[in-house]
Amino acid sequence: MTTPPTSDVDLFADETLLDPYPVYAELREQGPVVHLRKNDVHALTRYDVIRDALADWESFSSTSIAFNPMANEALTGTSLASDPPTHTRLRATLAENLSPRALRGLKGQIEAKADALVAELVEKGSFEAIDALARAFPLEVVADLIGFTGHVRDNMLRWGQAAMQVLGPMNRRTAENFPVAGELYGWCSEVKAEDLAEGSVGRGIFEAEARGAIPPDTAGHIIHQYLGAGVDTTIAAIGNIVALFAAHPEQLDLVRANPSLVPAAFNEALRFWPPVHAWGRRATKDVEIEGTVIPAGAQIAILFGAGNRDPRHYGNPDAFLVERNPVDHLSFGYGPHGCAGQGLARLEAHAVIEALSRRVQRFVVGPEVRVPGNITRSIEELPVLEVIPA
């Protein structure tokens, strides 16, 4: 048994965050596990190793999903940062309100909303794709779903972004976002059923708590996850969809010609540009991977984007091809912690892709602006200068 290879790559340096793909390729070639000295993490770089680790909660604990102890402490007791059996119970309520059956009634509403918004933007002829579509649409959907009203609605974007930033190492971005994430945490610890709209999923979570289906005082934690884990990532995914279709108009043509490719297009967008850069785990014991040993207690960094572009698993991995339909991409995670909100994310993204493919023939876009983010990798600004309608 040997120790894993080491690297001086800084996973959270600005240049890595803006374009991590050259770093991912370099690390993947070094080995399935690479110890990054600057971050003191063991990075998992290849598809099979990542998928196996996500499935093995006993060896790779979720009690350390963040890369700093303060955030991990704040997340203690949430379904995101717990292992079975606690995780199983907490997640059941989260998942119950996000199951295909629970979401079925929303499908028509979400599709109508996406279509109306896209129609309005196409009519305008030019717009800012991130603000006007990628942010506006999921924020409204989630606010209605959970039953947010008033100042909470206004703070959702700030809170959702901060909740992801603070999962990084203790760098400037993390430090600046802690107070904002604290506002969200504070609100979630005080929220009452009556603060949320009647008939909303948020109210339903409080009702589950009242009847003892989840432990006392956990409803707020669960609502925290809808906002903390679900908003920023969905915004990133929808922004990516617009940018990818603008850069690859022939792929948009394929979806327009064959609307059954809508889910495949979303899977490929997620594989090609995962919204999450790195996610943490903690090794609970010495873990052997392909002849090297990760020591017990080591902080793990799961690199979804490195796994999703692993040529050992996907042919021609650096091409964006909607017909590939990579249903097994890693961007929603895998195993017991596979993204609980993926059904809702799919509903939203499919509705947007469907509306775009029906109404848009070509986008002419200006340069995309990216800002380094510790955990979420997203586009900050994407000006659509002209829309050629379908």
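For the structure, see preceding data.
Residues numbered from 1 in each chain as written. Predicted model: local features only at pLDDT ≥ 70, side-chain atom pairs only at ≥ 80, totals over all residues. Heavy atoms only, no water.

Draft legend 1. Seen up close, the overall build of the protein chain. A tally of regular secondary structure across the protein chain gives 15 helices and 13 strands. For the protein chain, the C-alpha radius of gyration of 20 Å lies close to 21 Å, the compact-globule estimate for 390 residues. Taken along the three principal axes of its C-alpha coordinates, the protein chain extends 60 × 50 × 35 Å. Relative to its 390 residues, the protein chain shows a buried fraction of 58%. Pairs at least 24 residues apart make up 72% of the contacts formed inside the protein chain by residues separated by at least 6 positions. Of the roughly 15500 Å² of accessible surface on the protein chain, 53% is carried by carbon and sulfur atoms. Averaging the coordinates of the 34 positive side-chain charges in the protein chain and doing the same for the 50 negative ones gives two points 3 Å apart. (Helix = DSSP H or I, 4+ residues; strand = E, 2+ residues; numbered from the N terminus. Rg over C-alpha atoms; globule rule 2.2 N^0.38 Å. Buried < 20%, exposed > 50% of the residue type's maximum accessible area, 1.4 Å probe, protein only. Contact = heavy atoms within 4.5 Å. Areas by Shrake-Rupley, 256 points an atom, 1.4 Å probe, with all protein chains shown as cover. Lys, Arg positive; Asp, Glu negative; His and termini not counted. Charge placed at Lys NZ, Arg CZ, Asp CG, Glu CD.)

Draft legend 2. Focus on the sheet that holds strand 10 (residues 360–365). Taken in spatial order, the 3 strands of this open sheet run 5-13-10, and their pairing is antiparallel. Across the chains shown, the open sheet's two edge strands, defined by having one partner strand only, are strand 5 (127–128) and strand 10. Of the pairings in the sheet, the one linking strand 5 to strand 13 (residues 383–389) comprises 2 bridges and is antiparallel in character. By the bridge assignment for strand 13, E128 is matched with P383. (Pairing = 2+ DSSP bridges.)

Draft legend 3. Fine view of the pattern of salt bridges. By the definition in use, this model includes 22 salt bridges. The partner of R362 in a salt bridge is D253, and the shortest N-O contact between them spans 3.1 Å. Placement of the pair is R362 in strand 10 and D253 in helix 12 (residues 249–257), with a sequence separation of 109 residues. Note that R271 is salt-bridged to E268, the shortest N-O span being 2.8 Å. A residue pair is termed a helical-turn pair when its members lie 3 or 4 positions apart in one helix, as R271 and E268 do in helix 13 (residues 262–272) at 3 residues. For the pair R271 and E268, a shared accessibility class is recorded, and that class is buried. What emerges from the salt-bridge pattern is a single network uniting K113, E140, D144 and R153. (Salt bridge = Lys/Arg side-chain N within 4 Å of Asp/Glu carboxyl O.)

Draft legend 4. Seen up close, the pairing of strand 9 (residues 299–302). Residues Q299 and A301 of strand 9 are buried on one face, and the alternating residues I300 and I302, pointing to the opposite face, are buried as well. Relative to strand 9, strand 3 (residues 41–44) is paired through 3 bridges, and the arrangement is parallel. Directly across from H42, in strand 9, lies its bridge partner I300. Examined bridge by bridge, strand 6 (residues 279–283) and strand 9 share 4 bridges and lie antiparallel to one another. Opposite W279, over in strand 9, you have I302 as the bridge partner.

Draft legend 5. Structural view of the packing of aromatic side chains. In total, this model carries 9 aromatic pairs according to the counting rule given. For the ring pair F148 and W187, a centre distance of 5.6 Å and an interplane angle of 65° mean the geometry is edge-to-face. With F148 in the loop between helix 7 (129–146) and helix 8 (150–165) and W187 in helix 9 (residues 172–190), the pair connects residues that are 39 residues apart, well separated along the chain. This pair shows no difference in class: F148 is buried, exactly as W187 is. Judged by centre distance (5.8 Å) and plane angle (45°), the rings of F272 and W273 are tilted. The exposure class assigned to W273 is buried, which follows from its relative accessible area of 13%. (Phe/Tyr/Trp six-rings, centres within 6.5 Å; stacked < 30°, edge-to-face > 60°.)

Draft legend 6. Structural detail: the sheet that holds strand 4 (residues 60–61). Strand order in this open sheet of 6 strands is 1-2-3-9-6-4, and the pairing throughout is mixed. The sheet is open, and its two borders are formed by strand 1 (6–7) and strand 4, each paired with just one other strand. Where strand 2 (residues 33–36) and strand 3 come together, 4 bridges link them in antiparallel fashion. Residue pairing across strands places H35 opposite H42, the latter belonging to strand 3. The sheet contacts of helix 3 (residues 47–55) involve strand 3, strand 4, strand 6 and strand 9, and relative to strand 3 the element is tilted by about 115°. (Axes fitted to C-alpha atoms, helices over the stretch in contact; angles between N-to-C directions.)

Draft legend 7. Quick peek at the state of the cysteines. In the structure shown here, the tally under the stated rule is 0 disulfides. Of all cysteine sulfurs in the structure, the one in C339 sits closest to C188, which takes part in no disulfide; the separation is 17 Å. Judged by its relative accessible area of 29%, C339 is partly exposed. (Disulfide = S-S within 2.5 Å.)

Draft legend 8. The arrangement of the packing of helix 11 (residues 219–247) against helix 13 in detail. It is at 10 Å that the axes of helix 11 and helix 13 come closest, and there the two elements cross at 100°. Judged on the interaxial angle alone, helix 13 and helix 11 are roughly perpendicular. Touching A237, I241, L244 and F245 of helix 11 are A265, F266, A269, L270 and F272, all from helix 13. Grouping the constituent residues of the contact of helix 11 with helix 13 by class yields 9 nonpolar, no polar and no charged. (Parallel < 35°, antiparallel > 145°, perpendicular 65-115°, else oblique. Nonpolar A, V, L, I, M, F, W, Y, C, P; charged D, E, K, R; others polar.)

Draft legend 9. Looking closely at the environment of V141. By the secondary structure assignment, V141 is in helix 7. According to the relative accessible area criterion, V141 is buried, its value standing at 5%. Each C-alpha atom, one on V141 and one on D253, is 27 Å from the other, the two residues being 112 residues apart in sequence. Contact partners of V141, with chain neighbours within four places excluded, come to I110, K113, L344 and E348.

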